[in-house]
Amino acid sequence: MSRQDWNAVARTINRRMEFLDISQTQLVDRSRVSKLVIRELQHNLVQRLRSPRTLEAVSTALGLAPTHLDAVLHGRQPPPIPSSKRAPTPVPAYTPLTLHDLRNLNIDSRGIRHLQRRLEEWIDNLQDLGDLLTDAERLLGITPDSSTTTSKTLTKIHP
């Protein structure tokens, strides 16, 4: 079996999402792959055998050839990206929005899209954090009304 580079897959997904200016939620909707799997791929959290259809669906949702991510995974040259989906001429980085900008509405549509994407990412991250905390509580046997148990359990884990 050839070496698999899941870090390269994660980098490809993240770069392509940035180029397309799409959020994790939008990629989930486009690919019809679960949020958990997209998060695992995007952040290289779990390295395991995946259905070829999963990488095909994510590749296609990112506007790439269906075999693109599989080629990246196995260290092969991926198919070329159609010219209509290549990166545009680079533009200067967009400066962070300030309260002054918002008060004076000195933001253009690109700034609004940038702000919206960042907010969506924060919402996704907060939801993921909530899911992780719920899983941790369940694994540790913590219930909402066992606050004293929580401190005792955590003391046993990290004295």
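Our subject is the structure listed above.
The following refers to the structure shown. (Residues numbered from 1 in each chain as written. Predicted model: local features only at pLDDT ≥ 70, side-chain atom pairs only at ≥ 80, totals over all residues. Heavy atoms only, no water.)

## Side note on helix 7 (residues 109–140)
The criterion, for reference: Only DSSP runs of H or I covering at least 4 residues are called helices, and only runs of E covering at least 2 are called strands; the numbering of each starts at the N terminus. To estimate the expected span of a helix, subtract one from its residue number and multiply by 1.5 Å. Categorising residues by exposure relies on relative accessible area from a 1.4 Å probe, with only protein chains included: less than 20% of the type maximum marks a residue as buried, more than 50% marks it as exposed, and the intermediate range marks it as partly exposed. In this description, contact between two residues means that some pair of their heavy atoms is separated by no more than 4.5 Å.
Between the first and last C-alpha of helix 7 there are 46 Å, a value that for 32 residues agrees with the 46 Å anticipated at 1.5 Å per step. All buried positions along helix 7 are accounted for by G111, R117, D124 and D128. In this fold, the buried residues of helix 7 make contact with helix 1 (6–20), helix 2 (24–31) and helix 3 (35–43). Phi turns positive, to about 75 degrees, at G141, one or two residues after helix 7.

## Thoughts on unusual backbone geometry
Phi angles above zero are rare outside glycine, and R32 is one such case at about 60 degrees. Relative to the elements of secondary structure, R32 occurs in the loop between helix 2 and helix 3. Even without glycine at this site, N44 takes up a positive phi of about 50 degrees. Tracing the backbone through its elements, the reader meets N44 in the loop between helix 3 and helix 4 (52–61).

## Quick look at the nonpolar core
Generally speaking, nonpolar side chains in soluble globular proteins are found buried as a group. So the rule is basically this: Within this scheme, the nonpolar core is defined by two criteria: the residues are buried Ala, Val, Leu, Ile, Met, Phe, Trp, Tyr or Cys, and they are joined through side-chain atoms within 4.5 Å.
Core analysis: the biggest nonpolar cluster contains 20 residues, and V9, I13, L27, L41, V58 and L62 have the highest contact counts within it. Among the secondary structure elements, those contributing two or more residues to this core are helix 1, helix 2, helix 3, helix 4 and helix 5 (68–73).

## Points about the environment of R3
The topology assignment puts R3 in the segment before helix 1. Beyond its immediate sequence surroundings of up to four residues, R3 is in contact with L73 and H74.

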